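Coordinates in review
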Amino acid sequence: MESKVGALLGLFSRESEAVSSFLGLLREEQQVLGQEDSDALESLLVRKQLAIAELRGIEAERVEFFHLAGIAADKDSEEIFLFAGDESTELSLAWIGLLKLVRQVHEQHELNGQLIAAYQQKTGAALAVLLRAHGDLNLYNKGGTASPFSSRRLVDSA
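These numbers were taken from a predicted model, which means no experiment stands behind them.

Below, the discussion takes up the overall build of the protein chain. Across its full length, the protein chain holds four helices and two strands. Counting helices and strands in the order they occur from the N terminus, the protein chain gives α-α-β-β-α-α. In the protein chain, which comprises 158 residues, the share counted as buried stands at 26%. Working note: accessible area of the protein chain is about 10500 Å², and carbon and sulfur atoms make up 56% of it.

We now examine the packing of aromatic side chains. One pass over the full model with this rule turns up three aromatic pairs. Judged by centre distance (5.4 Å) and plane angle (40°), the ring pair of F12 and W95 falls under tilted. Highlighted residues: F12 in helix 1 (residues 2-35) and W95 in helix 3 (residues 89-131), separated in sequence by 83 residues. Residues F12 and W95 agree in their burial class; the two are buried. Note on F66 and W95: the rings are 5.7 Å apart at their centroids and 50° apart in plane angle, and the pair reads as tilted. With a gap of 29 residues between them, F66 in helix 2 (residues 38-69) and W95 in helix 3 connect regions that are remote in the sequence. Residue class for F66 comes out buried when judged on its relative accessible area of 6%. The class of W95 is buried, set by a relative accessible area of 1%. The rings of F12, F66 and W95 are connected pair by pair, giving a single aromatic cluster.

Here helix 2 spans 46 Å end to end across 32 residues, near enough to the 46 Å set by a 1.5 Å rise per residue. Among all positions in helix 2, only L44, K48, A51, L55, I58, R62, F65, F66 and A69 are buried. A side-chain oxygen of the first residue of helix 2 lies 3.2 Å from the backbone nitrogen of D39; this N-cap is D37.

A word on helix 3. In this model helix 3 runs 62 Å from its N-terminal to its C-terminal C-alpha over 43 residues, within 8% of the 63 Å that 1.5 Å per residue would give. Residues of helix 3 that are buried: L91, S92, W95, L98, L99, L101, V105, Q108 and N112.

Glancing now at the nonpolar core. Core analysis: the biggest nonpolar cluster contains 24 residues, and L8, F12, F22, F65 and F66 have the highest contact counts within it. Residue assignment for this core shows that the elements contributing at least two residues are helix 1, helix 2 and helix 3.

So, on to unusual backbone geometry. Although it is not a glycine, E36 sits at a positive phi angle of roughly 55°. Exposure remark for E36: the relative accessible area of 55% places this residue in the exposed category.

Next up on the list: the side chain of E15. With respect to the helices, strands and loops of the structure, E15 is situated in helix 1. Setting aside chain neighbours within four positions, we find E15 in contact with L55, I58, E59, R62 and L98.

What counts as what
- Residues numbered from 1 in each chain as written.
- Predicted model: local features only at pLDDT ≥ 70, side-chain atom pairs only at ≥ 80, totals over all residues.
- Heavy atoms only, no water.
- Helix = DSSP H or I, 4+ residues; strand = E, 2+ residues; numbered from the N terminus.
- Buried < 20%, exposed > 50% of the residue type's maximum accessible area, 1.4 Å probe, protein only.
- Areas by Shrake-Rupley, 256 points an atom, 1.4 Å probe, with all protein chains shown as cover.
- Phe/Tyr/Trp six-rings, centres within 6.5 Å; stacked < 30°, edge-to-face > 60°.
- Expected span 1.5 Å × (residues − 1).
- Polar contact = N/O pair within 3.5 Å; in protein donor to acceptor, adjacent residues only side chain to side chain.
- Core = buried A, V, L, I, M, F, W, Y, C linked by side-chain atoms within 4.5 Å.
- Contact = heavy atoms within 4.5 Å.

Structural measurements only, silent on function.
Take a look at the structure:
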């Protein structure tokens, strides 16, 4: 049983490191969203995809380990039942720590989603104003390009 406990602690440690790293990427994403830097977001997206693949691999290992070891654990609960009811404090603390990190990731992800929605709304409102027809003063067509009618008149009169 000791080797199983050690292996599981190692797995929890690796998963916690990967989740912490992903949380860092989400916090970086929040900063980049504030800067509105699409190039930085593109680079960040690649790193996030790699981190997600790593997390999925570790999670699959954990699920398989739990299954083979007869461990019942609910990822929404802080309780972990080990080896036919024998509970280990060290394992429980590691599990609780991992769950707390996962909750932080969910909270940061939700915050980033709210920021994206706010930027979309702000941009949508600005576009609606710019694309709204104002008679002869319509500077842009619905495709976002300069309207050939009004801009030429404005440029010619300037």
